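Residue strings, one per chain:
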Amino acid sequence: MLPGIEYFAAALTPFNVALALGGVAAGTVVGSLPGLTATMAVAVLVPLTFAMAPASALILMGAIYTGAIYGGAYAAILLNTPGTPSAIGTTFDGYPMAKRGDGDLAISAASLASVVGGLVGALALLLLAPPLAEVALAFGPMEYFWLAIFGLSLIAALSEASLLKGLIGGCFGLLLSTIGVAEISSDVRFTFGSRTLLGGIEIVSALIGLYCIPVLIDMVATPDRHLQVEAKPRGFRLREALTISWRGKINLLRSSIIGTLVGILPGAGGSIAGLVAYSEARRSSKHPERYGKGEPDGVQATESANNATVGGGFIPTLVLGIPGTPPDAVILGALLVQGVRTGPNLFTEQGSIVYTFIYGLLLATVLMLPVGLVIGRYAYRSIVTVPKAMLVPTVGFMTMIGSYAIRNNISDVVVMIVLGVFGWGLGRFGFAVSPIVLGLILGAIAEQGFVQAWTIGSAMDDLPGMFFGRPISLGIVALTLLSLFYPLLRARLPARRGVVREASYDE
Amino acid sequence: MTSERRAAGRDLPGSLIAAAFILIGALCWWDTTDMSDPDSYVFPRMVIVLMIAFSLLLILRNLLLGGGRHHLSTAGSWPRRVGLVAAMLLGALAMPLVGFLPSGIAVFLAIMLLAMYDPWTGFRRVVFPLVGFAIVVGFFVLFSEVLRVPLPLGSLFE
């Protein structure tokens, strides 16, 4: 029997169902707007929860959070702009699908994957929270460093034109992530006297610039339609999406588990989960060459993983009082205001709150399917049918207000535009923007892990042991190498088998 | 192979961009020499070394083996491209002076003109700017009143 099943009915009161529905819808809309992140969505709506019962407050915040993570997929698929950083990987295949006229299918596939991922994460929270919280404690700085490197190994997959160009872009992204005041030592780095750069490159603004501005620059230059228009209405294409999901069920399950596990790690978040799941999906696919060109499995890998981080992130938040993701930190603050004391005993001492919330989260995740399909359909129709003279200025204005709103800083808007033009220019000559984005996103985690491990290793006079002597680190290193070289190995293996077969024929 | 083809195969723009990355790396390395704490420069220096090494390898490969052409098309209107970027940049720079709302409306209308390929009928002349105005005002109210983002009101009007 499921733990705390007696609280299931409490989660289904009309008020809680309304909160779950409203939260998912609000979160989805906020998440779909570039520049408005899940953290911001939760933070803005937290004051509403202070007058509610703790379980209802948690249901509302969890629903907004899960909706916002899912909503990020719309802009990623339809505009090549991740609505939230978690949806970076969704752009890789979602936008090519939309370009060829399958944007509606991509949205339905993303909706199904988000629901599956969300359910797996929430079930892990329900069934395995205390033992899984131990995983978070087993990860030290070195493991975080290697996890970031594992994410960077995706560069190999994303560098269509040239691996070297991808690696240069990745390094440049890592260097961009170090601009500003250093977190550990407070040295000012690479600003060259500019006050604009003193605060560093804001990641969401940079994402919007690097992904969205090149699309706008190309949209305004030609009279062609942004996306292909369907000849006749095709509905939600849910049946096709279900077929894709069933065919890729292993991918969905694996990505959801990856998302849950990465979500448990404090500070890692949905963007890393999505990238790691995408990398694994591509590595284990029978057709890795289709990835990056509109492969639905790529969309499903990212979307299931990033929504699984919602449930996963709640595990250390509730069991250890350590927020797994940034929105969890906001939710943790709201819980403290409510007088809820998180910790290992929360599940036994305040079971009514926790279990009502978890069942409410499961309900919100299921409601995400109808809500997401309807909103997604509307978003798709809007993007496809709105005249270019309205679409381009609307998106352009949204990029500006979204970039500004993150830190209330005009410099972020200027940096966003400059990076966008830079990315567009590099893209003309085979330097893709995705490796730069990967470096930028993973840079902070990589540097923090590297510097801490380097400091500890130097003090212990055992740098090699620090970097390569820990079992979890070695596991991640092995996965990274596999991810990098498996495509090469696989390409050689059939050839060798072919050679053997030819040799046997000769005999 | 003709000399033109060889030049194209050597990916000259790619090599020039790689050289620019080497220059950026050198500048950044020079900047690290002012840093006092090894924690500040150990990671960036590692990244700089890798970036310069990959850039040199790219140049070398392009010179010896030819890099091939993987260049995307730049077809389409350049004035409209430049106009879009200029409108956004000028709008962003004007925001602290004239305020978010006026500069936002100006940017919206400027981009609308640049992105217009259909004839300006009477209906479009009236409806498009009005809808644009409503969108900008709607977002302004959403961010400033609902989300409580302090959008600049403009120092000229203070």
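In this numbering scheme, every chain counts its residues from 1 along its sequence in written order. Here the convention is simple: chains get letters from A, ligands get numbers from 1, in the order in which they are written. Thresholds applied to this predicted model are a pLDDT of at least 70 for local features of residues and 80 or more for the giving and counting of side-chain atom pairs; totals over whole chains, interfaces and linings are not thresholded and use all residues. Derived side-chain values reflect all non-hydrogen atoms in the structure, with water molecules and hydrogen atoms excluded from consideration.

## Some details on the overall build of chain B
Runs of E in the DSSP output that reach at least two residues are strands. Runs of H or I that reach at least four are helices, and both are numbered from the N terminus. Helix and strand counts for chain B come out as six helices and zero strands. In sequence order, the secondary structure elements of chain B are arranged as α-α-α-α-α-α.

## Here we look at the overall build of chain A
Within chain A one finds 22 helices and two strands. By principal-axis analysis of the C-alpha atoms, chain A measures approximately 70 × 65 × 65 Å. Only heavy atoms enter the contact rule, under which two residues are in contact if any of them lie within 4.5 Å. In chain A, the proportion of contacts linking residues at least 24 apart, taken out of those at least 6 apart, comes to 80%. Side chains of chain A carry 30 positive and 28 negative charges; the gap between the two charge centres is 9 Å. None of His or the chain ends enter the tally, which takes Lys and Arg as positive and Asp and Glu as negative. Charge coordinates come from a single atom per side chain, which is NZ of Lys, CZ of Arg, CG of Asp or CD of Glu.

## Describing the side chain of Ser103 of chain B
Residue and element names in this part refer to chain B. Within the element layout of this structure, Ser103 appears in helix α5 (residues 100-115). The rule is simple: take the accessible area with a 1.4 Å probe, protein chains only, and divide by the maximum for that residue type; under 20% is buried, over 50% is exposed, in between is partly exposed. Look at Ser103 and you get buried, because its relative accessible area is 4%. Within the structure, the side chain of Ser103 is placed 3.4 Å from the backbone oxygen of Phe100, a separation counted as a polar contact. With near-sequence residues (within four places) excluded, Ser103 lies in contact with Gly91, Ala94, Met95 and Val98. Residues adjacent in sequence count toward polar contacts only when both atoms are side-chain atoms; beyond that, a polar contact is any pair of N or O atoms within 3.5 Å, and within protein one must be able to donate a hydrogen and the other to accept it.

## Considerations on the packing of helix α4 (residues 78-98) of chain B against α5 of chain B
Residue and element names in this part refer to chain B. Contact pair α4 / α5: the axes reach a minimum separation of 8 Å and the direction vectors enclose 170 degrees. Classified by the angle their axes make, α4 and α5 are roughly antiparallel. Between α4 and α5, the contacting residues are Arg80, Gly83, Leu84, Ala87, Met88, Gly91, Ala94, Met95 and Val98 on the first element and Phe100, Pro102, Ser103, Val107, Ala110, Ile111, Leu113, Leu114 and Ala115 on the second. Counted by class, the contact of α4 with α5 contains 14 nonpolar, three polar and one charged residues. Fitting a line to C-alpha atoms yields each axis, with helices limited to the stretch in contact; the angle taken between N-to-C directions then spans 0 to 180 degrees. Roughly parallel means an angle under 35 degrees; roughly antiparallel, over 145; roughly perpendicular, 65 to 115; everything else is oblique. Each residue is assigned to one class: nonpolar for Ala, Val, Leu, Ile, Met, Phe, Trp, Tyr, Cys and Pro, charged for Asp, Glu, Lys and Arg, and polar for all the others, Gly among them.

## Notes on the domain arrangement of chain B
Accessible area lost on assembly of the parts is the figure often given for the size of an interface. Reported domain spans reflect what an automatic or database domain assignment gives. Domain assignment breaks chain B into domain 1 (3-64) and domain 2 (78-157). Using C-alpha coordinates to define each centre, domain 1 of chain B is positioned 39 Å away from domain 2 of chain B.

## Here's the deal with the pattern of salt bridges
All names here are of chain A. We define a salt bridge as a contact between a side-chain nitrogen of Lys or Arg and a carboxyl oxygen of Asp or Glu at a distance within 4 Å. The tally for this structure, following the rule as stated, stands at twelve salt bridges over all chains. The partner of Arg428 in a salt bridge is Asp218, with the nearest N and O atoms 3.4 Å apart. With Arg428 in helix α19 (residues 410-428) and Asp218 in helix α10 (residues 203-221), the pair connects residues that are 210 residues apart, well separated along the chain. Across the pair Asp412 and Arg407 runs a salt bridge whose closest N-O atoms are separated by 2.8 Å.

## Digging into the interface of chain A and chain B
Opposite the 66 residues of chain A that make contact, chain B presents 73 residues. At the junction of chain A with chain B, the criterion picks out two salt bridges. Elements that contribute at least two residues to the side of chain A that touches chain B include exactly α9 (163-177), β2 (188-189), α10, α18 (388-407), α19 and α20 (433-460) of chain A.

## Examining the packing of aromatic side chains
Stacked, edge-to-face and tilted labels apply to pairs of Phe, Tyr and Trp rings (six-membered ring for Trp) whose centres lie within 6.5 Å, assigned for plane angles under 30 degrees, over 60, and everything in between, in that order. Tallied over the entire structure, the rule returns 20 aromatic pairs over all chains. With a centroid separation of 4.9 Å and an interplanar angle of 70 degrees, the aromatic rings of Phe314 of chain A and Phe357 of chain A are classed as edge-to-face. Of the two residues, Phe314 of chain A is situated in helix α14 (residues 296-319) and Phe357 of chain A in helix α17 (residues 351-385); the sequence distance between them amounts to 43 residues. Judged by its relative accessible area of 0%, Phe314 of chain A falls in the buried class. Counting every residue linked through ring pairs, the aromatic cluster contains Phe145, Trp146, Phe450, Phe467 and Phe468 of chain A together with Phe43 of chain B. Only lysine NZ and arginine CZ atoms are considered, and such an atom sits over a ring when it is within 6 Å of the ring centre and within 35 degrees of the ring normal. Here the guanidinium or amino end of Lys249 of chain A rests over the ring plane of Trp246 of chain A, the centre of that ring lying 4.4 Å away. For Arg80 of chain B, the ring lying beneath its charged end belongs to Tyr117 of chain B, and the centroid distance is 3.9 Å.

## Let's talk about helix α6 (residues 122-146) of chain B
Side chains of residues three or four places apart in an α-helix project in the same direction, reflecting 3.6 residues per turn. Taking 1.5 Å per residue, 25 residues should reach 36 Å; α6 of chain B reaches 35 Å between its end C-alpha atoms and fits that length. If you check which residues of α6 of chain B are buried, you get Phe128, Gly132, Val136, Phe139, Phe140, Phe143 and Ser144 of chain B. For α6 of chain B, the secondary structure elements touched by its buried residues are α18 of chain A together with α5 of chain B. To estimate the expected span of a helix, count its residues, drop one, and scale the result by 1.5 Å.

## Considerations on the nonpolar core
Residues enter a nonpolar core if they are buried and are Ala, Val, Leu, Ile, Met, Phe, Trp, Tyr or Cys, with the set joined through side-chain atoms within 4.5 Å. Core analysis: the biggest nonpolar cluster contains 127 residues, and Leu125, Phe314, Ile315, Leu318 and Phe357 of chain A together with Leu84 and Phe143 of chain B have the highest contact counts within it. No other element matches α17 of chain A, which puts 17 residues into this core. One finds Ala206, Ala301, Ile445 and Phe450 of chain A within the second-largest nonpolar core, a separate group that totals 72 residues.

## Some words on the environment of Arg239 of chain A
The topology assignment puts Arg239 of chain A in helix α11 (residues 238-247). For the pair Arg239 of chain A and Leu105 of chain A, spaced 134 residues apart in sequence, the C-alpha to C-alpha distance is 9.5 Å.

## Describing the packing of α14 of chain A against helix α15 (residues 326-338) of chain A
Residue and element names in this part refer to chain A. Across the interface, α14 lies against α15 with an axial gap of 10 Å and an inter-helix angle of 35 degrees. Where α14 crosses over α15, the handedness of that crossing is right-handed. Counting all contacts with α14, which are made through Gly313, Phe314, Thr317 and Leu318, the residues of α15 involved are Asp328, Ile331, Leu332 and Leu335. In the contact of α14 with α15, the residues fall into five nonpolar, two polar and one charged. Should the near helix be turned anticlockwise from the far one by less than a right angle, the crossing is termed left-handed; should it be turned clockwise, right-handed.

## Section: unusual backbone geometry
All names here are of chain A. Positive phi values are uncommon outside glycine, yet Asn408 reaches one of about 55 degrees. Look at Asp461: it is not a glycine, yet its phi comes out positive at around 55 degrees. Its location among the elements puts Asp461 in the loop between α20 and α21 (463-468).

## Some points on the confidence of the model for chain A
Residues and elements named next belong to chain A. This prediction gives chain A a mean pLDDT of 84; 92% of its residues lie at or above 70. Every residue gets a pLDDT, meaning the predictor's confidence in that residue, from 0 to 100. Between the elements of chain A, mean pLDDT differs from a low of 64, seen in helix α22 (residues 471-506), to a high of 93, seen in α19. Low confidence marks residues 498-507, where pLDDT is under 50. Its contacts with residues over four positions away, or in another chain, come to zero contacts.

## Considering a nonpolar patch on the surface
Where nonpolar side chains cluster on the molecular surface, the patch consists of Phe192 of chain A together with Leu23, Leu27 and Trp30 of chain B and spans about 460 Å² of accessible area. The exposure class assigned to Trp30 of chain B is exposed, which follows from its relative accessible area of 52%. Here a patch means residues that are over 30% exposed by relative accessible area and free of salt bridges, tied together within 9 Å if like-charged and within 5 Å if nonpolar (Val, Leu, Ile, Met, Phe, Trp, Tyr). Computed with the Shrake-Rupley method and a 1.4 Å probe, the accessible areas treat only the protein chains shown as cover for residues.

## Examining the side chain of Glu202 of chain A
All names here are of chain A. In this structure, Glu202 sits in the loop between β2 and α10. The side chain of Glu202 sits in the buried core without any salt bridge; Arg407 is the nearest counter-charge, 5.5 Å away. The residues contacting Glu202, other than those within four sequence positions of it, are Ile406, Arg407 and Asp412.

## Some words on the confidence of the model for chain B
Looking at chain B as a whole, its pLDDT mean stands at 87, while 89% of the residues score no less than 70. Contacts of residues 1-8 of chain B to residues separated by more than four positions or lying in other chains number four contacts, the stretch itself having pLDDT below 50.

## Some remarks on the environment of Arg341 of chain A
Residues and elements named next belong to chain A. Inspection of the secondary structure puts Arg341 in the loop between α15 and α16 (346-349). Arg341 sits in the exposed class, given a relative accessible area of 70%. Taking the C-alpha atoms as reference points, Arg341 and Val319, separated by 22 residues in sequence, lie 9.9 Å from one another. Setting aside residues no more than four positions away along its own chain, Arg341 makes contact with Leu346 and Gln350.

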